[in-house]
Amino acid sequence: MAYSKKVIDKFESTLNEPEKNSVGRWNPSDTDIGTGMVGAPACGDVMRLQIKCKPKNNSHVISDVKFKTYGCGSAIASSSELVDMLVGKTLEEAREIKNKDIANALDLPPIKIHCSVLAEDSIHKAIEDYESKL
Amino acid sequence: MQLPIYLDYASTTPVDPRVVKEMQDCLSMDGNFGNPASRSHAFGWKAEEATEQARQHVADLVNCDPREIVWTSGATESDNLAIKGSARFNKSKGNHIITSKIEHKAVLDSCRQLETEGFEVTYLDPTDKGIITPEMVSDAITDETILVSLMHLNNEIGVINDIESIGKITREKSIIFHVDAAQSTGKLPIDLASLNVDLMSFSAHKTYGPKGIGALYASRKPRVRLKAQIHGGGHERGMRSGTLATHQIVGMGEAFRIAKSDMDSDIKKIHALRVKLWDGLKDMEEVYLNGDEKLRAAGFLNVSFNYVEGESLIMALKDIAVSSGSACTSASLEPSYVLRALGLKDELAHSSIRFGIGRFTTEEEVEYTIDLVKDSVEKLRKLSPLWDMYKDGVDLDSVEWMAT
């Protein structure tokens, strides 16, 4: 499978500089953390996305993000790309991020669109988890 | 050392320079370009001489009569001709065929086709080490069985079947035995004079010959009868029509001649490199060898690196050409059917890498590979939530996953 240069660059930078690319984890029981884990090992991809949030005005803002992903190169690149989009956004804005935004940013081939869908799902789950703690 | 390193010899091999030379001599005006079927002039006679010498080389490698060798376009066509040709010819004797779940698609899809024509097919489950035992075959035989088709050497895991013992069973019951030997020429000795095999498929490009050429061994004693699948001209004693591709055939002949002369030294060298590679990897955490450790051809190593997805590992190993049983490397989104038939959990199948070592692999390349694999697996595990969970002692089977 020939990947776009964007996927390859994102994947390699995530692989070689994980901390710089928000790879990591927080304690999921912390009240300012929302965790979303989607996918299944049997399907070949699992994403765990964590958002750190703080109240701002009438909303909550994502101040930091961490993730870990098991999956193909484009799954890893998709979650890493998502992280870049999330920081500084309110939860409402974050909910508006669509898989197409990620797929377009990375030039994902059609067979890899499910990787971007998974990334979109992970943000919804993480927001849900954070809001359940409020 | 040149990068990237080719470690996918089970997929295909480079043509040996000695073979290239022979092939080049069969193409142009000043070379041996004639049609081997031309009986009226020296160009044809000379070309026929070359194809017959090549036939002799192929026969010599597997110890059969050259008249038992039929040229085809490759092992896929040989499998098709063997399976569909013998089943259709022997339709009146019975309608049952035995094969296994880990055969090459050329065998499986030929069997599927025959199912639509009224044949019944039994797909044997291998052991968890990838072996089809003689007992499995004899237990599956019915009064209707006319054909057994099994591979000599599995292309994904490199595990060897006992075709000698299976052949004794089929011969006793006068059942046709077809063996797909696309992977085994030059890697395992084959003595058709002593084996009870009726049909055997060969490929040139797995054995340092060109792509697009193969052969089918069709036994004369006892004589196996086939219905031709390609008609037109009656070449190859009516079993496979079509002008013989002199340069391809000469290439296959030379490749098989070299395979015979170099087999012992090739196996010795390749085996040592395989052992070195596995020794370098086996002490890593959560690493599993797929397929039997002992009943295995020299060049094959199929390894699952648990909690790392195979395709991402291939991307990380960009300086090494290997293949994976991961779904993501195929168009089907299903992980390797071979590894699944061995009973591997999906995630271990997704995590598998097939290393194929061959004639031109060097020790330096293997050392480089070991270091790169270790480093890449470690990096990917740092990214893997499954690795975290494993380290935290979470049983992944007990987790409720949200698959999309």
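Everything below is about the structure printed above this text.
Now for a quick tour of the structure. (Residues numbered from 1 in each chain as written. Chains lettered and ligands numbered in written order. Predicted model: local features only at pLDDT ≥ 70, side-chain atom pairs only at ≥ 80, totals over all residues.)

**Details of the overall build of chain A**
And step 1. Looking only at helices and strands, chain A features five helices and three strands.
And step 2. Each helix and strand of chain A, placed in order from N terminus to C terminus, yields the pattern α-β-β-β-α-α-α-α.
And step 3. Whereas a compact globule of 134 residues would reach a radius of gyration of roughly 14 Å, chain A reaches 14 Å, a difference of no more than 12%.
And step 4. For the C-alpha atoms alone, the extent of chain A along its principal axes is close to 45 × 25 × 25 Å.
And step 5. Taking all 134 residues of chain A together, 47% fall into the buried category. (Helix = DSSP H or I, 4+ residues; strand = E, 2+ residues; numbered from the N terminus. Rg over C-alpha atoms; globule rule 2.2 N^0.38 Å. Buried ≥ 20, exposed ≤ 12 C-beta atoms within 10 Å, placed from the backbone.)

**Examining the interface of chain A and chain B**
And step 1. On the chain B side, the residues contacting the 29 residues of chain A number 25 residues.
And step 2. Mapped by element, the contributors of at least two residues to the side of chain A that touches chain B are α1 (5-16), β1 (33-40), β2 (45-56), β3 (59-70), α2 (73-86) and α5 (113-132) of chain A. (Contact = placed C-beta atoms within 7 Å.)

**Quick look at α1 of chain A**
And step 1. The end-to-end C-alpha distance of α1 of chain A is 16 Å, a good match for the 16 Å that twelve residues give at a rise of 1.5 Å each.
And step 2. What α1 of chain A keeps buried is the set V7, K10, F11, T14 and L15 of chain A. Looking straight down α1 of chain A, one finds that the buried residues subtend no more than 130 degrees of arc, so they occupy a single side. Set apart from the buried face of α1 of chain A by more than 90 degrees, the exposed residues are K5 and N16 of chain A.
And step 3. Close packing links the buried residues of α1 of chain A with α2 and α4 (99-106) of chain A together with α8 (310-316) and α11 (363-383) of chain B. (Expected span 1.5 Å × (residues − 1). Arc of directions from axis to C-beta.)

**Notes on the pairing of β2 of chain A**
All names here are of chain A.
And step 1. Strand direction decides the pairing type here: β1 and β2, joined by eight bridges, are antiparallel. Directly across from G39, in β2, lies its bridge partner V46.
And step 2. Of the pairings in the sheet, the one linking β2 to β3 comprises eleven bridges and is antiparallel in character. Looking at the pairing, R48 lines up with K68 of β3.
And step 3. Count of turn residues in the β2/β3 antiparallel hairpin: two residues, of which N57 carries a positive phi of about 50 degrees. (Pairing = 2+ DSSP bridges.)

**Quick look at the nonpolar core**
And step 1. With 146 residues, the main nonpolar core has M47 of chain A together with V58, L199, A215, Y217, M252 and L313 of chain B as its most contacted residues.
And step 2. No other element matches helix α7 (residues 246-281) of chain B, which puts eleven residues into this core.
And step 3. Excluding residues within four positions of it along the chain, M252 of chain B makes contact with A54, V58, A204, G209, I213 and A215 of chain B. (Core = buried A, V, L, I, M, F, W, Y, C linked by C-beta atoms within 7 Å.)

**Topic: the pairing of strand β7 (residues 199-203) of chain B**
All names here are of chain B.
And step 1. Most of β7 sits out of view: five of its five residues are buried.
And step 2. The alternating pattern of β7 places L199, S201 and S203 on one face and M200 and F202 on the opposite face, and all of these are buried.
And step 3. Where strand β6 (residues 176-180) lies against β7, three bridges are found, and the strand directions are parallel. Opposite D180, over in β7, you have S201 as the bridge partner.
And step 4. As paired strands, β7 and strand β8 (residues 214-218) are joined by five bridges and run antiparallel to one another. Bridge pairing in β8 places S203 opposite G214.

**Details of the sheet that holds β3 of chain A**
Residue and element names in this part refer to chain A.
And step 1. Read from one edge of the open sheet, three strands run β1-β2-β3, paired in antiparallel fashion. Both edges of this open sheet fall to β1 and β3, since each of them pairs with a single strand only. Taken pair by pair, the neighbouring strands of this sheet meet at an average axis angle of 20 degrees, ignoring direction.
And step 2. Each of β2 and β3 touches α2; the most contacted strand, β3, lies at about 165 degrees to it.
And step 3. With respect to the sheet, α5 is in contact with β1 and β2, its orientation differing from that of β1 by roughly 145 degrees. (Axes fitted to C-alpha atoms, helices over the stretch in contact; angles between N-to-C directions.)

**Some thoughts on unusual backbone geometry**
Negative phi characterises most residues that are not glycine, and trans characterises most peptide bonds.
Residues and elements named next belong to chain B.
And step 1. The linkage connecting L3 with the following residue, P4, adopts the cis geometry, with an omega of -10 degrees.
And step 2. Counting through the fold element by element, P4 comes out in the segment before β1 (5-6).
And step 3. In the segment running from K221 into P222, the intervening peptide bond is cis, with an omega of -5 degrees.
And step 4. Along the chain, the position of P222 falls in the loop between β8 and α7.
And step 5. Positive phi is not limited to glycine here, since N63 has a value of about 55 degrees.
And step 6. Residue N63 is classed as partly exposed on the basis of its C-beta count, with 14 C-beta atoms lying within 10 Å.

**As for the sheet that holds strand β9 (residues 287-289) of chain B**
All names here are of chain B.
And step 1. Ordered by their spatial adjacency, four strands build an open sheet running β9-β10-β13-β12, and the pairing between neighbours is antiparallel. Single-partner strands in this sheet number two, and they are β9 and β12 (323-324).
And step 2. Where β12 lies against strand β13 (residues 352-356), two bridges are found, and the strand directions are antiparallel. Looking at the pairing, S323 lines up with R354 of β13.

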